[in-house]
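The primary structure of each chain is shown beneath.
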Amino acid sequence: MALNRKIAYIDLSTGEVETAPIPVMMRKLYLGGRGLDIYLLYNHLEPGVDPLGPENVLLVSAGLLAGTLASASARSHLAAKSPLTGFVGSTNMGGFFAPELRWAGFDHLVIKGKAESPVYLWVHDGEIEIEEASHLWGEDTFETQDLIRQEWGDPEVKVVCIGLAGERLVRFANVRTGLKNSGGRTGIGAVMGSKNLKAVAVRGTMDIEIEYPEEALKYNKEIIDKICSTKFAQIMQRWGTMFIYGATNSTGLIRCRNFQLNQLVGGNIECEHIDEYSIGTEGCFGCSIHCRHKYIIKDGPYAGVYAQGPEYTSQGAFGMEVGCNNFETILAGNYLVNKYGLDTLETGSMIAWAMELYEKGILTDKDTEGLKLEWGNDEAVLEMVERIAKRKGLGDILAEGPLRAIERIGEESRPYCIQVKGMSNLHSDERPTPSLALGIATASRGSDHLRSRPAIDLYHLPEALLKKIYGYPTPYDGPLSSDYTTYEGKPRQVQWHEMCYEAVDCLGICKFHTIFLSPNLLGFDEFSKLIYYNTGLEISPQEVWEIADRAYTLERLFNIREGLGREDDWLVDRYFDEPTPLGLEIARNKVLDREKFKQMIDEYYALHGWDEKGVPRPETLKRLGLDKEPSHML
Amino acid sequence: MKETKKGKEGLGKVRCLNCFERFEVAPRAEIATCPSCGWEWRISWPNPKLAKIRGPVWEAWEKLQTRGE
């Protein structure tokens, strides 16, 4: 059955490996993936430990439906205490690793301690072995995967690994699988590096028995038809997430030159340019969209490079944020961060911040060792990627992430650093969009667009449709507005998307198949049916919401245990003090209103059942069964 | 394409990012002007039946921004 995958506890210090079944009761409480990971993290991690010390706990998992007949059920999740923020570290990626992990018999790996020398985990058909990896240390993320596959003589081995950045403990080092997929955020790659863990390799041939295979197949066909009929999917199939740039840059909703502008005027880096380089598209396991391009760079120092992507985030990182208007710079930057194992978003944001500091004289040629960190200097941007990955000069400071870099550069640099909870913001400008601003201010893993972003708020949907979406599966009778510049009803939208994204992160389904960028995609009814047909578990849409609520609240409890307070759910002053200078009328001359923003946070806390300080109320904990955590049931 | 009260949803129609009105774009057109507010947009085609706004006509941008004020 689909529920018989195990949990493994691996101690890298002692070499001990233990396995255990996952009780159905725990599935009903947390499903799997991100949900069970936060339970395990909260229960196995001592508060206050050094995220880069052996006491940190690393979780590697597959979503509950990964490898089943649920569409796009490809997502794996990794968690730890974040070395970037000090709060919950959590990252999620597609590809083929998660299904393979489940075919190898496991859903969750709990990795503790630190190996004496580099190792990797070899997980195969119910067995886990710790393999020597000194020969892999120093290899990039592409080579590492190839070398492991060669060792086992099996091209179907799937690998999650780190690159140079993870080995050198860059605090925003990512984890990678395949040519494209990255678990980018919160620095999980540095946690792996701190444990001398170069990779986790998996190969499995243990079938996942689908509970109702005929119904599951039929339902999946319905879902694929539904997804592929949307305009969103048809555009994604052609150009991937890069399509978002067309609307956001046109409107004036992007960060340009760090945070000085909200539009790249004359921008020539639209998604359509990928047609000149693309040799086709690929998808993750079970996906009908295939949103990533395979491309070859034609000219310049990176001519001949073959890579996959880029995403919208790399357009920002190596385009708008750094003032570059050259599509090949985006392709090259995307390749470099993937090769070294760096979070593209954080890398671009840190470089853009350094460029503004250079412009203002806070950083000088002496600091940059002569590198001209000027807006639009493509070569300098790509050189900084190298320096960050190798921790060279200024790159070593930026590799520490926003808050530690501020400490080293000086307080005068702080106002220009666009971050929340120590993690940089996406290259979007949320000053005209209170809902999106609330999402990044309150997201549990630090500023982030994949935890709660109500992106469909930008579509000016009719209020009747908004009520239908946001009034279910839990009732909501409050206001909702089609106008994305208002503050009305936005806390509910943020809360709803938190629950939706948490649910699919537990299930291992891609967010692009949910009500994220299209109102016509999957929601809680579909999640409930997918769980039933594939696993036999009867979990109503309301119960899916409750599970998501439980997991999200536990993430909140984890953060509070690590010192989080209401003041951390806030944005830097520039959001409130500097009006947007460019864009369409709806986005121009906009700042966030502090008082209204505070009211939104109050409302958001109330919707969650948290008090005015953002602490879950006792009755909330009791309702969710969290009043006795840590309960040590796994 | 899904049939709606407005006709075949998405067939060569885009939503103006300035005024949010939907308007029809001539097949294979690369530039279109919103009949409601007059903003000019560059258009691309993910497939022959589906139009998408690629970006503003930057040459007209300054003039239009000034008018917007």
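Residues numbered from 1 in each chain as written. Chains lettered and ligands numbered in written order. Predicted model: local features only at pLDDT ≥ 70, side-chain atom pairs only at ≥ 80, totals over all residues. Heavy atoms only, no water.

Draft legend 1. Seen up close, the interface of chain B and chain A. Taken residue by residue, the interface counts 26 residues in chain B and 30 residues in chain A. For chain B, the biggest contributors to the area lost against chain A are Phe20, Arg54 and Trp58 of chain B; these three give 26% of the whole. For the pair chain B and chain A, the number of links is four salt bridges. Among the ionic pairs, glutamate 272 of chain A bridges to arginine 54 of chain B, the shortest N-O distance being 3.7 Å. (Contact = heavy atoms within 4.5 Å. Buried area = accessible area lost by both parts, 1.4 Å probe. Salt bridge = Lys/Arg side-chain N within 4 Å of Asp/Glu carboxyl O.)

Draft legend 2. Spotlight on the pairing of strand S4 (residues 76-81) of chain A. All names here are of chain A. Burial analysis of S4 places six of its six residues in the buried class, which makes it a mostly covered element. Note: strand S3 (residues 58-62) against S4, four bridges, orientation antiparallel. Residue serine 61 lies in a different strand from S4, and its bridge partner there is histidine 77. Connecting S4 to the next strand, strand S5 (residues 88-93), in antiparallel fashion are six residues, including glycine 86 with a positive phi near 80°. (Buried < 20%, exposed > 50% of the residue type's maximum accessible area, 1.4 Å probe, protein only. Helix = DSSP H or I, 4+ residues; strand = E, 2+ residues; numbered from the N terminus. Pairing = 2+ DSSP bridges.)

Draft legend 3. Expanded view of the sheet that holds S3 of chain A. Residue and element names in this part refer to chain A. Here six strands make up an open sheet; going across it, the order is S2-S1-S6-S3-S4-S5 and the pairing mixed. Two strands in the sheet have a free side with no partner beyond their single neighbour: strand S2 (17-21) and S5. Geometrically, the sheet is characterised by an average inter-axis angle of 15° between neighbouring strands, direction not taken into account. Of the pairings in the sheet, the one linking S3 to strand S6 (residues 106-112) comprises four bridges and is antiparallel in character. Residue pairing across strands places serine 61 opposite histidine 108, the latter belonging to S6. (Axes fitted to C-alpha atoms, helices over the stretch in contact; angles between N-to-C directions.)

Draft legend 4. Layout of unusual backbone geometry. Residue and element names in this part refer to chain A. Between glycine 309 and the following residue, proline 310, the backbone shows a cis peptide bond with an omega angle of -15°. The topology assignment puts proline 310 in the loop between strand S15 (306-308) and helix H10 (312-320). One non-glycine residue with positive phi stands out, namely aspartate 125, at about 40°. Considering the arrangement of structural elements, one finds aspartate 125 in the loop between strand S7 (119-124) and strand S8 (127-132).

Draft legend 5. Layout of the nonpolar core. All names here are of chain A. If you look at the biggest cluster of nonpolar residues, it comprises 141 residues, and the most contacted ones within it are Leu342, Leu571 and Phe597. Among the elements that line this core, the one with the most residues is helix H19 (residues 490-507), at nine residues. Setting aside chain neighbours within four positions, we find leucine 571 in contact with Val420, Ala437, Ile440, Ala441, Phe576, Leu592 and Phe597. Ala66, Met93, Ala115 and Leu197 belong to the second-largest nonpolar core, a separate cluster that totals 31 residues. (Core = buried A, V, L, I, M, F, W, Y, C linked by side-chain atoms within 4.5 Å.)

Draft legend 6. Quick peek at the domain arrangement of chain A. All names here are of chain A. In terms of domain boundaries, chain A breaks down into domain 1 (6-203), domain 2 (245-420) and domain 3 (434-624). The partner domain 3 presents 34 residues to the 41 residues of domain 1 that form the contact. The largest per-residue losses of area from domain 1 upon contact with domain 3 belong to Arg34, Tyr42 and Phe87, which jointly make up 24% of the total buried on that side. Linking domain 1 to domain 3 there are five salt bridges. Measuring nitrogen to oxygen at the nearest pair gives 2.8 Å for the salt bridge that ties glutamate 555 to arginine 34. Along the contact surface separating domain 1 from domain 3 lie 22 residue pairs in polar contact (both at pLDDT 80 or more). Mapped by element, the contributors of at least two residues to the side of domain 1 that touches domain 3 are helix H1 (24-30), helix H2 (33-44), S4 and S5. (Domains from an automatic or database assignment. Polar contact = N/O pair within 3.5 Å; in protein donor to acceptor, adjacent residues only side chain to side chain.)

Draft legend 7. Just H2 of chain A, in detail. Residue and element names in this part refer to chain A. Helix length check: H2, at 12 residues, gives a terminal C-alpha distance of 16 Å against a target of 16 Å (1.5 Å per residue), a fit within 8%. In terms of residue burial, H2 counts as a mostly covered element, since 11 of its 12 residues are buried. Within the sequence span of H2, burial applies to Gly33, Arg34, Gly35, Leu36, Asp37, Ile38, Tyr39, Leu40, Leu41, Tyr42 and Asn43. (Expected span 1.5 Å × (residues − 1).)

Draft legend 8. Representation of the side chain of arginine 75 of chain A in the model. All names here are of chain A. Summarising the element assignment, arginine 75 is placed in the loop between S3 and S4. Within the buried core, arginine 75 has no salt-bridge partner, and the shortest N-O distance to an opposite charge, that of aspartate 505, equals 5.8 Å. Look past the residues within four positions of arginine 75 in its chain and what remains in contact with it is Ala62, Gly63, Ala66, Asn92, Met93, Gly94, Ala98, Gly508, Ile509 and Cys510. (Lys, Arg positive; Asp, Glu negative; His and termini not counted.)

Draft legend 9. Quick look at the sheet that holds S15 of chain A. Residue and element names in this part refer to chain A. An order of S13-S14-S15 is seen for the three strands of this open sheet, with the pairing classed as antiparallel. Two strands lie at the open edges of the sheet, namely strand S13 (278-282) and S15, each paired on one side alone. Each strand of the sheet is rotated relative to its neighbour by a mean of 20°, with strand direction disregarded. By the bridge criterion, three bridges tie S13 to strand S14 (residues 292-296) in an arrangement that is antiparallel. Directly across from threonine 281, in S14, lies its bridge partner histidine 293. Strand contacts of helix H11 (residues 327-340): S14 and S15, with the helix running at about 85° to S15, the strand carrying the most contacts.

Draft legend 10. Region of interest: the layout of surface pockets. Residue and element names in this part refer to chain A. Taken as a whole, the second largest pocket spans an internal volume of roughly 320 Å³. As for the second largest pocket, its lining consists of 19 residues, of which Phe96, Arg149, Gly178, Leu179 and Arg292 are closest to the centre. Taken together, the elements giving at least two residues each to the lining of the second largest pocket come down to helix H4 (141-152) and strand S9 (158-161). A per-element tally of the lining of the second largest pocket places H4 first, with four residues. Across the lining of the second largest pocket, the residue classes break down as seven nonpolar, seven polar and five charged. The residues that make up the lining of the second largest pocket include at least three from each of domain 1 (6-203) and domain 2 (245-420). (1 Å grid on protein atoms, 1.4 Å probe; cavity = no way out; pocket = protein on both sides within 12 Å on 5 of 7 lines; lining within 4 Å. Points joined across faces, edges and corners; volume = space filled by probe spheres on them. Nonpolar A, V, L, I, M, F, W, Y, C, P; charged D, E, K, R; others polar.)

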